Amino acid sequence: RLQPTHPIALAPVQAPEPTVDGFVTQFLRNLNNGRGVALSTSTANDRYFALAATVRDYLMARWLEDVRRQRTIQSKGVAYLSAEYLLGRQLDNNLLATGLTDIADEALVACGLDLDDVRAMEVEPGLGNGGLGRLAACFIDSLATLGVPSVGYGIRYEYGIFRQTFVDGQQVEQADSWLALGSPWEFPHPEAARTVSFGGHTETYDDGGVTRTRWVPAWNVLAVPYNYMVPGYHNGRVNTLRLWSAQATQGFDLRVFNAGDYQEAVRAQTYAENISKVLYPEDSTPQGKELRLQQQYFFVAASISDFVNLILPADFDLANLPDRVIFQLNDTHPVIGVPELMRVLVDEKGLEWDAAWQITQQCFAYTCHTLLPEALEVWPADLLGRLLPRHLEIIYRINDEFLEAVRERFGDDSERIRRMSIVSPDGAIRMAYLATVAGSKVNGVAELHSQLLREKVLPDFDEFYPGKFTNVTNGVTPRRFVKLANPGLSRLITDTIGAGWLTDLDRLRELEEYADDAEFRSAFRAVKSANKRVLARTLAERDGLTVADDHLLDVMVKRLHEYKRQTLKLLHIITEYDAIVSGRVTPDQVTPRTFVFGAKAAPGYAMAKRIIHLINAVGSVVNDDPRVEGRLKVLFPPNYNVTLAERIVPAADLSEQISLAGKEASGTGNMKFALNGALTIGTDDGANVEIRELVGDDNFFLFGMAEPEVADLQARGYHPIDFVRADENLSRALELISSGAFSGGDASVFEPVVSNLTHHDPFMALADYTDYIAAQKRVDALYADQDAWTRAAILNVARCGFFSSDRSMRDYIDRIWHTPPIL
Ligand code: Z57
């Protein structure tokens with residue numbers, strides 16, 4: 001017990017004065033003492049670090065206080081387990097949270113500096129692939145803003161999502177060395193490192209007459225936690241994100257390889273440290289690599305140990321664990337935590353199996369993010385057993401007892417048993433099934449997705465576990481994606497309905513009446529134009545691209561995946577292009593449009609990469625053709641990331657959400673665009689369904705088959721060629737690609753894309769083409785009436801408050817977690 005006597009040491013932690021003088025003083029201290037440089041000799045990076053440190057200093061008192069309080073109150077909290085957090089830049093977000101933006105601005109001016117220049121130095125931590133990782137980042141923002149006790153657990157990848165460049169229109173990946181200049185936001189805590197073990201075998205032993213099992217691992221690594229502040233918005237709360245970094249343990253060499261040779265010892269160290277080296281860049285298509293399972297177990301075992309052995313008091317009765325924590329499984333990536341908690345409770349803490357299983361079932365809940373069968377993770381039992389022999393035994397026992405319960409309920413229905421077994425017929429562990437059996441709740445991420453999950457993916461489980469399945473529709477944080485990304489709109493909203501909406505987004509409804517107010521509409525349009533100019537400046541500086549500000553900005557930004565159908569968007573562009581160059585329409589009959597793409601392809605996904613190449617190829621031809629000049633333009637800035645999204649989203653007029661119905665679990669980009677006043681052209685898929693219900697049919701461009709029609713067509717037999725024959729525009733567009741028009745006459749380059757579409761088209765782009773083009777005509781018609789368009793855009797903003805991640809968090813709290821905020 002510390003017994004300080006000095007009055008300063010006895011007082012609570014002090015934040016610097018929230019004034020320009022206070023800020024300048026603290027900034028210069030950080031520059032001088034933290035960086036060891038004078039203002040006059042500092043580099044831009046020094047200044048960025050000192051500024052970040054200064055913002056940190058304002059947050060620190062609250063952070064320390066919140067950590068202390070969460071430990072003393074010991075109320076139930078959320079441990080969010082996610083292999084990805086796609087955070088985006090931190091500086092602006094943290095300035096916003098603390099309300100220091102204006103003070104920092106003035107303080108820097110007083111130091112002869114420009115906040116924008118300093119901002120530009122920040123490299124975003126891209127510790128995620130796409131929607132799933134960004135969702136986790138939105139959720140921890142909302143949990144902090146709501147004041148819910150929570151901690152986010154994940155991996156501190158040394159390299160995040162790759163940096164994308166284009167060489168001759170083709171994607172080339174570069175390592176994302178986001179830590180090269182250090183990160184001012186992290187706090188390493190090597191003293192709190194956890195040891196994580198792998199390999200070896202299990203054995204039984206006699207423990208005073210009781211036979212117990214223990215795991216004798218072959219090697220281990222150290223998991224070193226790095227803490228990051230997660231500030232709530234204007235509420236003085238600061239939660240923690242805790243990411244684990246792998247480090248070799250001392251003596252690692254001897255235990256692993258028994259080599260006794262220096263070279264080998266160093267090699268072994270490298271092996272251990274590889275675990276947190278790099279983010280796997282596949283989104284929705286797991287690779288089944290051993291290192292990936294190592295990553296998963298690494299961060300989950302460290303997190304559970306952290307909670308059980310460090311956060312809980314030493315005398316805590318583990319029977320009460322469900323009153324203290326809910327481990328939320330963000331997809332199947334952390335599901336190995338289920339047998340891990342069982343192992344900790346039974347093998348390490350000496351609980352009986354049944355008691356441990358009772359506890360475990362209450363401590364986990366599982367979120368599924370997909371419907372694609374190929375995205376459901378399975379681990380071959382031999383791989384899992386080699387890496388985690390005790391966990392495999394535990395999984396088998398869980399499965400045996402589960403199947404026994406199924407038999408009790410349904411009799412010896414061997415078909416059903418085969419279908420429901422956690423272990424597949426070919427001996428693979430189905431992680432989604434394990435999560436479903438172990439989880440207190442299982443949720444999908446949009447109404448349609450949750451319904452299809454129950455009816456099509458896990459129907460046997462839904463029948464067996466009534467009440468276990470639920471829905472929580474995704475959301476996005478309005479702090480980052482409205483306030484920071486769209487300051488102009490935010491100002492207009494506050495001027496119109498007053499402050500307070502940013503933490504109570506349903507209040508946007510109050511804007512509805514202004515949709516009919518000509519003055520408001522013109523202010524709203526002015527904001528959109530200004531945002532286009534900001535985007536134009538960004539793309540000019542970043543990529544040397546030019547954006548016309550009088551064009552309809554038609555945007556499709558998301559990971560490149562066939563199910564998302566970037567090719568359908570391309571076919572529309574080619575059709576418009578063809579219509580002009582073939583003389584069937586005159587240029588002035590075409591709405592001037594700029595098409596913006598942003599998309600990374602998984603490095604091993606050949607078709608996706610070829611589609612990227614095709615987008616760039618179509619772009620160069622269209623952009624270089626004087627016949628369509630001023631009418632059609634295609635922009636594909638490389639390396640789409642959170643930072644760029646914050647510029648593109650507020651500038652967009654039209655949001656492309658055109659996945660095949662039944663394939664996109666939710667989508668979250670769709671929400672960001674609608675909240676920023678873009679209209680959606682979309683299928684009846686994922687959260688599009690809910691967006692359309694809220695904004696109304698008149699303010700949404702719906703097209704394409706709905707999911708039941710997709711299923712019907714599939715069942716009848718889908719022949720894409722029938723659709724090519726039925727629509728001349730479609731056959732012409734495909735023919736243009738095949739002819740080599742976009743590949744300098746070389747027909748072979750994009751032949752795989754065309755032949756895949758015409759012969760297989762697994763995501764039925766061609767079946768939806770005709771209706772898509774018709775919907776685009778409705779877009780043109782509405783856009784021609786700027787008042788009508790703006791009215792619809794305003795109504796999108798006004799009616800999408802539901803998509804705040806604050807609402808998602810409240811739904812999780814009410815339906816799944818039962819973790820009230822602490823005030
Ligand atoms: C991922 O980003 C998503 C699902 C996955 O199974 C994996 Br792996 C990565 C996405 C879905 O595709 C989106 O539809 C959804 O909005 C997002 O997760 C967040 O739920």
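All values derive from a computational prediction rather than experimental measurement. (Residues numbered from 1 in each chain as written. Predicted model: local features only at pLDDT ≥ 70, side-chain atom pairs only at ≥ 80, totals over all residues.)

1. As for the overall build of the protein
Helix and strand content of the protein: 33 helices and 24 strands. A globule of 823 residues ought to have a C-alpha radius of gyration of about 28 Å, and the protein, at 28 Å, matches this closely. Going through the 823 residues of the protein one by one, you find that 50% of them count as buried. Sequence separation of at least 24 residues holds for 76% of the intrachain contacts in the protein that already meet a minimum separation of 6. (Helix = DSSP H or I, 4+ residues; strand = E, 2+ residues; numbered from the N terminus. Rg over C-alpha atoms; globule rule 2.2 N^0.38 Å. Buried ≥ 20, exposed ≤ 12 C-beta atoms within 10 Å, placed from the backbone. Contact = placed C-beta atoms within 7 Å.)

2. Side note on the domain arrangement of the protein
When its domains are assigned, the protein resolves into domain 1 (15-73 + 98-123), domain 2 (74-89 + 124-473 + 810-817) and domain 3 (527-803). Computed from C-alpha coordinates alone, the two centres of domain 2 and domain 3 are separated by 36 Å. Each partner contributes to the interface: domain 2 provides 36 residues, whereas domain 3 provides 30 residues. Where the side of domain 2 that touches domain 3 is concerned, the elements lending two or more residues are helix H7 (131-146), strand S5 (163-167), strand S6 (170-174) and helix H17 (447-457). Its residues assigned to classes, the side of domain 2 that touches domain 3 comprises eleven nonpolar, 17 polar and eight charged. (Domains from an automatic or database assignment. Nonpolar A, V, L, I, M, F, W, Y, C, P; charged D, E, K, R; others polar.)

3. Details of the sheet that holds strand S21 (residues 632-635)
In space, the six strands of this open sheet follow the order S21-S20-S19-S22-S23-S24, with parallel pairing throughout. Two strands close off the open sheet at either side, each with one partner strand: S21 and strand S24 (701-702). Pairing between strand S22 (residues 654-657) and strand S23 (residues 679-682): four bridges, direction parallel. Across the sheet, Leu654 pairs through a bridge with Leu679, a residue of S23. Contacts from helix H23 (residues 606-624) reach strand S20 (593-598) and S21, with the element oriented near 145° to S21. (Pairing = 2+ DSSP bridges. Axes fitted to C-alpha atoms, helices over the stretch in contact; angles between N-to-C directions.)

4. Some remarks on the nonpolar core
Judged by nonpolar contacts, the single largest core of 239 residues is most densely connected at Phe298, Leu434, Val618, Ile648 and Cys800. Discounting residues that sit within four places of it in the chain, Val618 has contacts with Leu570, Ile573, Ile574, Val634 and Phe742. (Core = buried A, V, L, I, M, F, W, Y, C linked by C-beta atoms within 7 Å.)

5. Observations concerning the site of the ligand
For the ligand, the set of nearby residues contains 19 residues, the closest of which are Gly131, Leu132, His369, Thr370 and Ser666. Looking at the shell around the ligand residue by residue, the class counts come to five nonpolar, eleven polar and three charged. If you count residues domain by domain, the shell around the ligand takes at least three from each of domain 2 (74-89 + 124-473 + 810-817) and domain 3 (527-803). (Near = placed C-beta within 6 Å.)

6. Observations regarding helix H5 (residues 101-110)
Inspection of H5 places Ile103, Ala104, Ala107 and Leu108 among the buried residues, and these make up the whole buried set. One side of H5 carries all its buried residues, which in axial view fall inside an arc of 130°. Across from the buried face of H5, at angles greater than 90 degrees, the exposed residues are Asp102 and Val109. Where H5 is buried, its residues touch helix H2 (20-35), helix H3 (44-73), helix H4 (91-98) and helix H6 (115-119). (Arc of directions from axis to C-beta.)

7. Quick look at the packing of helix H11 (residues 337-348) against helix H14 (residues 389-410)
Relative orientation and spacing of two packed helices are given, respectively, by the angle between their axes and the distance between those axes. Taken N-terminus to C-terminus, the directions of H11 and H14 make an angle of 100°; their axes are 9 Å apart at the nearest point. Taken together, the axis directions place H11 and H14 in an arrangement best described as roughly perpendicular. Residues Pro339, Glu340, Met342 and Arg343 of H11 pack against Arg390, His391, Ile394 and Ile395 of H14. Class assignment of the residues belonging to the contact of H11 with H14 gives a composition of four nonpolar, one polar and three charged. (Parallel < 35°, antiparallel > 145°, perpendicular 65-115°, else oblique.)

8. Examining the pairing of strand S1 (residues 77-81)
Counting buried residues along S1, five of its five residues qualify, which places the element largely inside the surrounding structure. With five bridges connecting them, S1 and strand S13 (residues 325-330) associate as parallel partners. Of the residues in S13, the one forming a bridge with Leu81 is Leu329. Pairing of S1 with strand S4 (residues 150-155) involves four bridges; the strand directions are parallel. Across the sheet, the residue bridging to Leu81 is Tyr153, located in S4.

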